[in-house]
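One-letter residues, chain by chain:
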Amino acid sequence: MQTIPQPNFKSLLSQRIRWANKTSNYNNSFAKLVGLMVLLANSVIIISFVLMVLGLFHFKTFTYLFLLKLLIDFLLIYKTSVFFSKEQALKYYLPSSLLYPFFSVYVAVVGSFTSYKWKDRRFKK
């Protein structure tokens, strides 16, 4: 089974919010744990970035945290891209890694507390 790419950002956001809403129904504890770890890592990046901008967190510490996250994510994404023969997608890794923490945390928060629409049907939380 293959997921069709969404035609625009609004559709992508709706798709990911729907996916986030579905995670509470997963029976796989490992999948839930991985999702929670990803959410926490991205939240730490956002919080440390905001604190750094406010002068409450060292730039050097933020840089180390962000580089560590970049490295771990890259290793996982690289192995996955090789497995699926999609190495050409790696050229988007760096720009997307700058936006992804904000996107994923937003989706997780919105997906946890709001209803969503999919295929002209509304689902309530």
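Thresholds applied
- Position numbers for residues count from 1 along each chain, tracking the sequence in the order it is written.
- With the structure being a predicted model, the display of local features is reserved for residues of pLDDT at least 70 and the display and counting of side-chain atom pairs for 80 or more, all residues being used for whole-chain, interface and lining totals.
- Side-chain numbers here rest on the full set of heavy atoms in the structure, without hydrogens or water.
- Helix and strand labels come from DSSP, where a helix needs a run of H or I of at least four residues and a strand needs a run of E of at least two; each type is numbered from the N terminus.
- Think of it in three bands: residues with accessible area under 20% of the maximum for their type are buried, residues over 50% are exposed, and the middle band is partly exposed, with areas taken using a 1.4 Å probe on protein chains only.
- Should any heavy atoms of two residues lie within 4.5 Å, those residues are considered in contact.
- Whenever a helix is involved, its axis is fitted only over the stretch in contact; in every case the axis is a line through C-alpha atoms, and angles between N-to-C directions fall within 0 to 180 degrees.
- We call a crossing left-handed when the near helix sits turned anticlockwise from the far one by less than a right angle, and right-handed when that turn is clockwise.
- Residues are grouped as follows: nonpolar covers Ala, Val, Leu, Ile, Met, Phe, Trp, Tyr, Cys and Pro; charged covers Asp, Glu, Lys and Arg; every other residue, Gly included, is treated as polar.
- Aromatic pairing here means that ring centres of Phe, Tyr or Trp (its six-membered ring) are within 6.5 Å. Orientation follows from the plane angle: under 30 degrees is stacked, over 60 is edge-to-face, and everything else is tilted.
- Patches were defined on residues exceeding 30% relative accessible area and lacking a salt bridge, with like-charge contacts within 9 Å and nonpolar side-chain contacts (Val, Leu, Ile, Met, Phe, Trp, Tyr) within 5 Å.
- Residue burial considers only the protein chains on display, and all accessible areas are found by Shrake-Rupley using a 1.4 Å probe.
- In the sections that follow, a salt bridge refers to a side-chain nitrogen of Lys or Arg positioned within 4 Å of a carboxyl oxygen of Asp or Glu.
- Multiply 1.5 Å by the residue count of a helix minus one, and that product is the helix's expected span.
- By the criterion applied in these results, polar contacts are pairs of N or O atoms within 3.5 Å in which, for protein atoms, one can donate a hydrogen and the other can accept it, and in which residues neighboring in sequence qualify only through two side-chain atoms.
- Throughout this description, any angle smaller than 35 degrees is read as roughly parallel, any larger than 145 degrees as roughly antiparallel, any in the 65 to 115 degree range as roughly perpendicular, and the remainder as oblique.

Turning to the overall build of the protein, a few remarks are in order. A count of helices and strands for the protein gives four helices and two strands. Order of helices (α) and strands (β) in the protein, N terminus to C terminus: α-α-α-α-β-β. In terms of principal-axis extent, the alpha carbons of the protein reach across some 45 × 35 × 30 Å. Out of the 125 residues belonging to the protein, those deemed buried represent 22%. Taking all contacts inside the protein whose residues are at least 6 apart in sequence as the whole, residues at least 24 apart take part in 52%.

Running from amino to carboxyl end, helix H2 (residues 29-53) crosses helix H4 (residues 93-113) at an angle of 120 degrees, the nearest separation of the two axes being 9 Å. By crossing handedness, the relation of H2 to H4 is classed as left-handed. Of the residues in H4, those in contact with Val-38, Leu-39, Asn-42, Ser-43, Ile-45, Ile-46 and Phe-49 of H2 are Tyr-100, Pro-101, Phe-102, Ser-104, Val-105 and Ala-108. The residue inventory of the contact of H2 with H4, partitioned by class, reads 10 nonpolar, three polar and no charged.

Let's shift gears to the packing of aromatic side chains. Geometrically, a pair of aromatic rings is defined through the distance of the ring centres and the angle of the planes. All told, the structure shown has seven aromatic pairs when counted by the stated rule. When the ring of Phe-49 is compared with that of Phe-102, the centres are 6.3 Å apart and the planes differ by 85 degrees; the resulting orientation is edge-to-face. Taken together, the positions of Phe-49 in helix H2 and Phe-102 in helix H4 put the pair 53 residues apart, joining distant regions of the chain. The partly exposed category is assigned to Phe-49, whose relative accessible area is 33%. Residue Phe-102 is classed as partly exposed on the basis of its relative accessible area, which comes to 41%.

Residues Phe-49, Val-50, Val-53, Leu-54, Leu-56 and Phe-102 make up a contiguous nonpolar surface patch of about 580 Å² in total accessible area. Considering each element in turn, the nonpolar patch owes the most residues, three residues, to H2.

The first and last C-alpha atoms of helix H1 (residues 9-22) sit 20 Å apart over 14 residues, in line with the 20 Å expected at 1.5 Å per residue. Listed as buried for H1 are Leu-13, Gln-15, Ile-17, Arg-18 and Asn-21. Packing partners of the buried residues in H1 comprise H4 and strand E1 (116-118). Capping the start of H1 is the job of one residue whose side-chain oxygen sits 3.3 Å from the backbone nitrogen of Lys-10: Asn-8.

Following both chains from N to C, one finds H2 and helix H3 (residues 59-83) inclined at 160 degrees, their axes separated by 10 Å at the closest point. As summarised for this structure, H2 and H3 are arranged roughly antiparallel, according to the angle between their axes. In terms of crossing hand, the pair formed by H2 and H3 is left-handed. Contacts between H2 and H3 involve Ala-41, Asn-42, Val-44, Ile-45, Ser-48, Phe-49 and Met-52 on the former and, on the latter, Phe-59, Phe-62, Leu-65, Phe-66 and Lys-69.

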